[in-house]
Structures are given as structure tokens and as C-alpha cells.
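As a plain string of letters, each chain reads:
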Amino acid sequence: MLAVIPKRYVLTIVALMATTLSIALQTNLSLAIVYMTEPAFNETTPISTPNECSAVRNVSVSTEKYTGGAATKFNWNTEIQGLTIGLQFLGMICGYIPGGRLGELYGAKRIMIYTILVASVFTILSPIAAQLSVYFFMFVRIMVGVGAAPIFPLLVVMIAKWIPSTEQNFIASIMLAGYGTGAFVSYLISGVLCSSEFLGGWPSVFYLSGMAGIVWCLLCFLCVFESPDVHPTISLNELEYLRKNIGPPAKEMKKVPWKSMITSIPVWTLAVGTFGQYWLLAFFVTSHSMYLGTVLNLDSAQNGLLSCVPNLLRALFACLVGSIIDWVRRRRDIPIVYVRKGVTLVSK
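Residues numbered from 1 in each chain as written. Predicted model: local features only at pLDDT ≥ 70, side-chain atom pairs only at ≥ 80, totals over all residues. Heavy atoms only, no water.

With an unreviewed UniProt entry as reference, the protein is termed Vesicular glutamate transporter 1, source organism Araneus ventricosus. What UniProt records for the protein under Subcellular location (unreviewed entry) is the sentence "Membrane". (UniProt positions renumbered as here; feature names shortened; annotations may be inferred.)

Here is the structure:
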């Protein structure tokens with residue numbers, strides 16, 4: 001089956017799985033932590049909320065959403081929960097730049113496998129770490145962030161080697177749609193697992209997602225190659241097509257031009273825009289499911305379903321916009337620089 005599929009499309013499918021796994025390994029904690037911790041209230045504690053007339057009414061609170069798995073639940077307050085999730089993002093910051101540079105120096109395929117493997121192993125260790133110490137659990141989640149983060153810059157390296165410019169926007173949008181589908185799959189499956197008895201409930205979220213990452217590493221090792229020139233089964237027609245439309249490989253950068261990058265206005269413009277975009281995304285990813293679980297008091301299955309829908313729409317629109325950009329680029333009606341600036345402005 002794979003023999004008849006163009007190899008750049010095989011890469012696209014495996015890369016979509018990689019981004020899906022990357023975000024799933026990072027977001028599974030956002031929902032699981034709601035159901036792996038004890039509620040900050042009990043059924044006998046009345047909660048008073050003001051209505052329009054400033055009167056006080058009692059609201060009965062059910063702890064039904066905390067039932068399901070038999071695994072231990074922890075008395076972590078909201079500060080510890082927030083710090084645990086936040087430290088995972090710290091790990092992501094530490095993984096982005098080194099991961100991309102290592103991909104340039106030693107091969108993006110190799111580093112992708114290593115980083116996803118690191119994230120997967122530490123994800124599997126998460127339930128054990130939580131049992132031992134909250135601080136050990138925090139360290140484990142930092143390492144998950146370090147391992148999962150570099151996938152985006154590593155895929156940029158692979159796209160430059162494998163994808164012609166006329167296909168880059170659409171194929172890149174498919175690859176990166178995993179950042180939507182990953183959250184979609186993570187929330188949907190995590191919600192079901194947290195309410196089940198399988199492997200104790202919430203621990204199964206980490207065990208299964210970690211095992212999925214290890215399976216992906218094997219798949220990437222077998223199906224992905226660093227460049228078209230070293231692929232053993234690529235067809236001559238596809239190889240010639242890629243050589244013609246991609247051109248010779250870029251000269252290897254021996255030294256990173258840090259000074260030029262730091263003093264570049266376009267770099268800072270994109271950095272600020274990306275910071276704002278990911279601030280909103282991170283806030284939504286970390287707070288949405290917690291709000292649904294603790295404030296609206298939804299059970300884990302309902303929480304997972306409602307949390308996953310916006311991420312699916314995000315993935316679908318990413319693919320749609322990518323195809324539109326490629327169509328505009330082929331028509332040459334609008335300079336590509338204006339198309340990119342326009343899309344960036346709207347998306348930020």
C-alpha cells in the first residue's frame with residue numbers, strides 16, 4: 001500500500017501523526033488533572049452565588065465527576081495544579097530552539113524520534129511520579145514538554161527538503177493540523193478514560209498516549225527518510241519532480257547568526273505575534289477543561305467532548321486556509337509576501 005503512495009505524502013501522514021502526538025502528550029494533563037485531584041469542596045459545603053438581585057442562593061455541588069477509576073487522587077491545591085501545568089510549558093521553551101538546531105546538524109528524522117521517545121517515556125512515568133512526589137511529577141512533566149516541543153521546528157527542516165514550494169502551504173497545513181487534531185483526540189479519549197475503570201482511570205490517559213508515542217517512533221524509523229535522495233524506494237518520477245521543484249539543498253549553516261536574529265525587526269514582529277497567539281491557545285487548552293470540570297461540574301466524558309470540538313475546527317480551518325493559499329500562489333494574482341502577511345495578521 002505504501003509503495004504506491006508518493007513518499008512526500010507518506011511523510012505528510014507520519015508528520016500529521018507526530019504533531020497530533022506532540023500536542024496530545026502535552027494536553028492530556030489539562031483534563032486528567034481535574035480528575036486525578038480531590039475536589040476543593042465536599043457535598044456538605046454549600047456554595048453561595050449572587051443572582052441579579054444580590055440575594056444569596058445555595059447551589060448543591062455533586063462530586064460524581066470524580067468517581068470512575070480506582071487510582072489514587074491527590075490533595076493538590078489549585079496553585080500546585082497551575083504550577084505543574086505551567087512548568088510543562090517551561091519545558092517546551094527549553095526544547096524549541098535546541099531541537100530545531102539539532103535537527104539541522106544531525107538530521108530531523110533522528111531528532112524527531114529521540115524527542116518523541118523522551119516525551120513518551122516520561123508520559124508513561126507520570127502516574128508513578130505522581131504517586132512518589134508532586135515535585136518528581138513536575139520534573140517529569142517538564143521533560144514531556146522538552147521532548148514534545150521540537151516537533152514544529154524539526155518539521156520545518158523536513159518540509160524544506162521534501163515539499164515543493166507550490167505544495168508547501170497545503171501540505172504544511174496538514175502536517176501542522178495535528179496541533180488541532182491532537183488536542184481533539186486527547187480530550188475526547190482522555191474524557192472517556194478518566195471515567196472508566198481501565199488501568200485505574202486517569203493513569204490510563206498517560207499509559208496509552210505514551211505507548212502511542214513509542215509506536216509512532218517505530219513507524220517513523222521505518223517509513224521516513226531524511227531527504228528524497230536517500231529514500232530507497234522512491235520512484236524516479238517523484239525524485240526528478242522533487243529535484244526540479246525544490247532545487248539543491250541549502251548550504252549548511254555552521255554558525256547561528258544570533259546577533260542578526262536578535263536585532264531583526266521581522267523576527268521580533270513574528271515573535272511577538274506568535275507569543276500572543278500561543279498565550280491565548282495555552283490559556284484555552286489549560287483552563288477550558290478545568291473550568292468545565294470544576295465550575296460547571298461536568299463529568300469527564302462530557303468535559304472531554306466539549307473540550308475537543310474547538311480543536312477539531314481549528315485543524316479543519318488550517319487545512320482549508322492552506323489550500324486557499326496554494327491556489328492563490330499558483331494563480332500569481334497576489335504577491336505571496338502579501339498573502340503571507342495577510343494570513344499572519346488575521347490568524348494572530
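### Section: the side chain of T84
Within the fold, T84 resides in helix α2 (residues 78-106). Judged by its relative accessible area of 0%, T84 is buried. Side-chain polar atoms of T84 contact the backbone oxygen of I80, separated by 2.7 Å. Residues within four places of T84 in sequence aside, it is in contact with L29, F137, M138 and R141. (Helix = DSSP H or I, 4+ residues; strand = E, 2+ residues; numbered from the N terminus. Buried < 20%, exposed > 50% of the residue type's maximum accessible area, 1.4 Å probe, protein only. Polar contact = N/O pair within 3.5 Å; in protein donor to acceptor, adjacent residues only side chain to side chain. Contact = heavy atoms within 4.5 Å.)

### As for the UniProt feature "transmembrane region" (unreviewed entry) in the protein
The UniProt record marks residues 80-99, 111-130, 136-158, 170-193, 205-225, 261-284 and 304-325 with the feature "transmembrane region" (unreviewed entry), using the residue numbering of this structure. End C-alpha to end C-alpha, residues 80-99 measures 28 Å, and it is 100% helix and 0% strand. Here residues 170-193 runs as 96% helix and 0% strand, with 34 Å between its end C-alpha atoms.

### Section: the side chain of T12
Take T12: it is sitting in helix α1 (residues 7-35). Within the structure, the side chain of T12 is placed 2.8 Å from the backbone oxygen of R8, a separation counted as a polar contact. Excluding residues within four positions of it along the chain, T12 makes contact with I171, I174 and M175.

### Re the pattern of salt bridges
Counted according to the given criterion, the structure contains six salt bridges. Where R101 meets E104, a salt bridge forms, and the shortest distance between an N and an O atom there is 2.9 Å. Taken as a pair, R101 and E104 lie in helix α2 at a separation of three residues, close to a single helical turn. One salt-bridge network, held together by shared partners, links R8, E167 and E238. (Salt bridge = Lys/Arg side-chain N within 4 Å of Asp/Glu carboxyl O.)

### Comments concerning helix α8 (residues 203-223)
Compared with the 30 Å implied by 1.5 Å per residue over 21 residues, the 31 Å span of α8 between its first and last C-alpha is a close match. The set of residues buried in α8 consists of P203, S204, V205, F206, S209, G210, G213, W216, C217, C220 and C223. Contact partners of the buried residues in α8: α1, α3 (108-132), α4 (134-148) and α7 (178-194). (Expected span 1.5 Å × (residues − 1).)

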